[in-house]
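# What the coordinates show
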Amino acid sequence: VQLVESGGGLVQAGDSLRLACAASGRRFSNIVMGWFRQAPGKERDFVADLRLSGGSVRYADSVKGRFTISRDNAKNTVYLQMNTLKPEDTAVYFCATKPLWTMTWDYWGQGTQVTVSS
């Protein structure tokens, strides 16, 4: 299984970015795709996830109303649309996947840096 993130960059507060996670090697069904982030000196935190069967989504409270997770099944790609970015959103963003019936995220991407300047 391979996950490749893209779309990170340096933006100003209030700007938007869209991250993409292209998945290969795992059937794009009965799995959960998620986004996490890790700021310097901090633990990796949950941002959002999407159940590909049924489409239910979850968000961290800190990003609700600003971030949207979505998918393109034809491209085996999951997106994270990030609007109204804040300096505290600065982190390395990671894509991850797990089977629907497990608690453990078993495959991770390499991460993409998002930097929001004030």
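Right above here is the structure, for reference.
Residues numbered from 1 in each chain as written. Predicted model: local features only at pLDDT ≥ 70, side-chain atom pairs only at ≥ 80, totals over all residues. Heavy atoms only, no water.

## Examining the pattern of salt bridges
Note the cut-off: The working definition used for a salt bridge is a side-chain nitrogen of Lys or Arg within 4 Å of a carboxyl oxygen of Asp or Glu. Secondary structure elements follow DSSP: runs of H or I no shorter than four residues count as helices, runs of E no shorter than two count as strands, and numbering proceeds from the N terminus. For every residue, the accessible area (1.4 Å probe, protein chains only) is compared with the maximum for its type, and the residue is labelled buried under 20%, exposed over 50%, or partly exposed between those bounds.
Applying the stated rule across the entire model yields four salt bridges. Note that D89 is salt-bridged to R37, the shortest N-O span being 2.9 Å. With D89 in the loop between β8 (77-82) and β9 (91-99) and R37 in strand β4 (residues 31-38), the pair connects residues that are 52 residues apart, well separated along the chain. Take D89: its relative accessible area is 0%, and that puts it in the buried class. Take R37: its relative accessible area is 12%, and that puts it in the buried class. Note that D89 and R66 form a salt bridge whose closest N and O atoms lie 2.7 Å from each other. Of the two residues, D89 sits in the loop between β8 and β9 while R66 sits in the loop between β6 (57-59) and β7 (67-72), which places them 23 residues apart along the sequence. When sorted by exposure, D89 lands in the same class as R66, which is buried. Salt bridges here are not isolated pairs; linked through shared partners, they connect R37, R66 and D89.

## What about the side chain of K98?
Quick reminder of the rule: Under the convention used here, Asp and Glu are negative, Lys and Arg are positive, and both His and the chain ends fall outside the count. We call two N or O atoms a polar contact when they sit within 3.5 Å, provided that within protein one can donate a hydrogen and the other can accept it, with sequence-adjacent residues counted only if both atoms are side-chain atoms.
Considering the arrangement of structural elements, one finds K98 in strand β9. The buried charged residue K98 lacks any salt bridge partner; its closest oppositely charged side chain belongs to D49, at an N-O distance of 6.0 Å. Of note is the side chain of K98, whose polar atom sits 2.7 Å from the backbone oxygen of T102.

## Considerations on unusual backbone geometry
Glycine aside, residues mostly have negative phi, and peptide bonds are mostly found in the trans state. Positive phi outside glycine occurs at N76, with the angle close to 50°. Checked against the element boundaries, N76 lands in the loop between β7 and β8.

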